[in-house]
Amino acid sequence: MNFSLSIDRAACIMCGRCVRVCPSRIFSLSDEGGRHIATDESLGCIECGHCVDVCESGAVRHSLFGHDKRHAVDRELLPRPESLLELIRSRRSNRAFRKEPVPRESLDRIVEAAHLAPTASNGQELEFVVITDPEHLGTISRYVMDKFSGMLRILKSPVIRTVVKMAAPALWRYVPRFERMKAAYETGYDPVLRGAAAVVFICAPEKSRFGCQDANLAYLNGSLMAESLGVSQFYTGFVCTAASRDRHGKLERMLGIDGRIMAGMALGMPAFGYPYYVDRKPLDVKYM
Ligand SMILES: Cc1cc2nc3c(=O)[nH]c(=O)nc-3n(C[C@H](O)[C@H](O)[C@H](O)COP(=O)(O)O)c2cc1C
């Protein structure tokens, strides 16, 4: 345990909020030696800081979250539900990029927003790798195209072709798509990163249990921040597929990434914006 936790009894107003919010149930009401809030750190703090954030009187003393680590929520800055919904509705995967870099301050804010997404058991074990070097970006696309060309060769071999067509038609549907991508790549167009000026890979340790879920939530936070900053982005699904099919983590090694790529965002400045958004499929929801 690398933290200390205590209640400042003089400041505590006994509201019991810390007792209610702590996911590890570290706090409890005690009558021993006068009514007070007792703590039992042996129950395993996940370091979420809820106890500190919820305490109006500042009585919870957590060594990981001193005064400099706690900030008052500025309610004036919060978006109205309509603004938030309009941002969510109008966010598109705009792949039409201008040939110019994404400002560093924008990348910083996108990564910060992604980093603030919830993580399983507050693990916060994601690593963000921001790639802007054109050579590295080229390496990523080449790696994906090599991988897909290999898959295409296997899928089209006479025996496999028959089996896949019958047993996995959904996979077979990718064949013409891969073929189109390959043809485009050979003419000099990059169908993987589509001329993006930056890629943010969201990576988790090899053995992470919820790395994939954590990374995808982080992606969504980052993508909404990108939209609000006027930066275009799309999810790098082809890269993630290629990387996840490689047991040896070759792409990660080539890029000097310690963990595994779980999600990714290709970014660039938009050539133009979208003045409209279409309706998505009707909402399929069941209240029970
Ligand atoms: C898991 C996932 C993988 C994706 N992979 C790619 C990709 O490799 N390339 C691409 O251009 N777009 C990719 N996308 C973007 C989707 O095509 C896009 O989100 C979808 O068409 C809906 O459009 P919208 O994001 O503008 O609402 C991916 C999206 C998701 C969620």
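Residues numbered from 1 in each chain as written. Predicted model: local features only at pLDDT ≥ 70, side-chain atom pairs only at ≥ 80, totals over all residues.

Peer 1: For the overall build of the protein, give the residues involved together with the corresponding values.
Peer 2: Broken down by element type, the protein carries 11 helices and 8 strands. For 288 residues, the compact-globule estimate of 2.2 N^0.38 gives 19 Å, and the protein exceeds it by more than 25% at 24 Å. Along the first, second and third principal axes, the C-alpha set of the protein runs to 80 × 45 × 45 Å. By residue count, 25% of the 288 residues in the protein fall in the buried class. Considering only intrachain contacts with a sequence separation of at least 6, the fraction spanning at least 24 residues in the protein is 76%. (Helix = DSSP H or I, 4+ residues; strand = E, 2+ residues; numbered from the N terminus. Rg over C-alpha atoms; globule rule 2.2 N^0.38 Å. Buried ≥ 20, exposed ≤ 12 C-beta atoms within 10 Å, placed from the backbone. Contact = placed C-beta atoms within 7 Å.)

Peer 1: Give a description of unusual backbone geometry that names residues and reports values.
Peer 2: Leaving glycine aside, a negative phi is the common case for residues, and trans is the common case for peptide bonds. Backbone geometry places Gln-124, a non-glycine residue, at a positive phi of 45 degrees. Here Gln-124 shows up in the loop between α4 (104-115) and β5 (127-131). A positive phi angle is found at Arg-194, which is not glycine, with a value near 55 degrees. Relative to the helices and strands, Arg-194 resides in the loop between α8 (174-186) and β6 (198-204). In this structure Arg-194 comes out as partly exposed when scored by C-beta crowding, with 17 C-beta atoms within 10 Å.

Peer 1: Can you explain the site of the ligand? Please cite residues and give values.
Peer 2: Around the ligand, the neighbouring residues are Arg-92, Ser-93, Arg-95, Phe-234, Tyr-235, Thr-236, Gly-237 and Phe-238. At the level of elements, β7 (232-235) and α10 (237-244) are the ones that each hand at least two residues to the shell around the ligand. Here the shell around the ligand is built from residues that sort into 3 nonpolar, 3 polar and 2 charged. (Near = placed C-beta within 6 Å. Nonpolar A, V, L, I, M, F, W, Y, C, P; charged D, E, K, R; others polar.)

Peer 1: Which residues make up the sheet that holds β5, and what are the values?
Peer 2: The 4 strands lie next to each other as β5-β6-β8-β7, forming an open sheet whose pairing is antiparallel. The outermost strands of the open sheet, each flanked by one partner alone, are β5 and β7. Adjacent strand axes in the sheet meet at a mean angle of 25 degrees, parallel and antiparallel pairs treated alike. Sheet topology note: the β7/strand β8 (residues 260-268) ladder contains 4 bridges and is antiparallel. Looking across to β8, one finds that Ser-232 is bridged to Gly-268. With respect to the sheet, α4 is in contact with β5 and β6, its orientation differing from that of β5 by roughly 160 degrees. Packing of α10 onto the sheet brings it into contact with β7 and β8, and relative to β8 it is tilted by some 155 degrees. (Pairing = 2+ DSSP bridges. Axes fitted to C-alpha atoms, helices over the stretch in contact; angles between N-to-C directions.)

Peer 1: An account of the packing of helix α5 (residues 134-156) against helix α6 (residues 158-167) is requested, with residue identities and associated values reported.
Peer 2: Between α5 and α6, the shortest axis-to-axis distance is 5 Å and the interhelical angle comes to 90 degrees. Relative to α6, the element α5 is oriented roughly perpendicular. In this structure, α5 contributes Ile-154, Leu-155 and Lys-156 to the contact, and α6 contributes Ile-160, Arg-161 and Val-164. (Parallel < 35°, antiparallel > 145°, perpendicular 65-115°, else oblique.)

Peer 1: Help me get a handle on the domain arrangement of the protein, residues and values and all.
Peer 2: Bring the parts together and some accessible area is lost; that lost area is often taken as the interface size. As far as domains go, the protein holds domain 1 (5-69) and domain 2 (80-272). Between the C-alpha centres of domain 1 and domain 2 there is a distance of 41 Å. (Domains from an automatic or database assignment.)

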